[in-house]
Amino acid sequence: QSTASFEQIKKLSIKREDVIITKDSETIEEIAIPAFVEEDLKNIVCGYHLALIRTHKEKILGRYLFRLFQSKKFSERFSINSNGVTRFGISTYPIKNIPILLPPCQEQKSIADYLDKMTENIDKTIQKIEEKINLLEEYKKSLIHHVVTGKIDVREAI
């Protein structure tokens, strides 16, 4: 059951190509962490500690804005404009008024596509490295077990 009014539900319903960012956090580095919405989410509204950004698709693409928000320059800007001591937050003014470079939509699409592809490659590489680390950890445990149980003689190695 929802405690949101009909107007809040209408305004805060999450739709395809929205960008959602964190408004509040315990650390300044976690202010304005973006997420890109890939599909309409029925009966789900944006929470209080998040900011819902809906773009004008003829001016700026959601995927392009998402990638901008991931950049270090934007992150630094939002950190500078946040306030707090033990809990940090950012108001809507810096979010609405951050300067954005707006190339034509086709160029925005090309940039977002390129970054999506590069990010996917990086994620695959990270996954492979993590799998290798896990295998090495298992090998290390096995090796320790074999040494401790005497299945491997290491006296001459010392």
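Here the structure is a predicted model, which is why all the values come from computation and not from measurement.

Novice: Let's hear about the overall build of the chain: which residues, and what values?
Specialist: Along the chain, the regular secondary structure elements total five helices and eight strands. What you see in the chain, going N to C, is helices and strands ordered as α-β-β-β-β-β-β-α-α-β-β-α-α. Radius of gyration (C-alpha) of the chain: 23 Å, far over the 15 Å computed for a compact globule of 158 residues. Reported as C-alpha extents along the three principal axes, the dimensions of the chain are approximately 75 × 40 × 35 Å. Counting every position in the chain, which comprises 158 residues, the buried fraction comes to 26%. Long-range contacts, defined as pairs at least 24 residues apart, comprise 68% of the intrachain contacts of the chain with a sequence gap of at least 6. Summed over its atoms, the accessible surface of the chain is roughly 12,100 Å², and 57% of this surface lies on carbon and sulfur atoms. For the chain, the separation between the mean place of its 25 positive charges and that of its 23 negative charges on side chains is 4 Å.

Novice: Please set out the sheet that holds strand S3 (residues 24-25) residue by residue, giving values where relevant.
Specialist: One key point about sheets: their strands pair by backbone hydrogen bonds, in either a parallel or an antiparallel sense. Strands sit in the order S3-S8-S7 across an open sheet of three strands; the sheet is antiparallel. With one partner strand each, in any of the chains shown, S3 and strand S7 (83-84) form the two edges of the open sheet. The pairing of S3 with strand S8 (residues 88-89) spans two bridges and is antiparallel. Bridge assignment links serine 25 to a residue of S8, and that residue is phenylalanine 88.

Quick notes on the rules
- Residues numbered from 1 in each chain as written.
- Predicted model: local features only at pLDDT ≥ 70, side-chain atom pairs only at ≥ 80, totals over all residues.
- Heavy atoms only, no water.
- Helix = DSSP H or I, 4+ residues; strand = E, 2+ residues; numbered from the N terminus.
- Rg over C-alpha atoms; globule rule 2.2 N^0.38 Å.
- Buried < 20%, exposed > 50% of the residue type's maximum accessible area, 1.4 Å probe, protein only.
- Contact = heavy atoms within 4.5 Å.
- Areas by Shrake-Rupley, 256 points an atom, 1.4 Å probe, with all protein chains shown as cover.
- Lys, Arg positive; Asp, Glu negative; His and termini not counted.
- Charge placed at Lys NZ, Arg CZ, Asp CG, Glu CD.
- Pairing = 2+ DSSP bridges.

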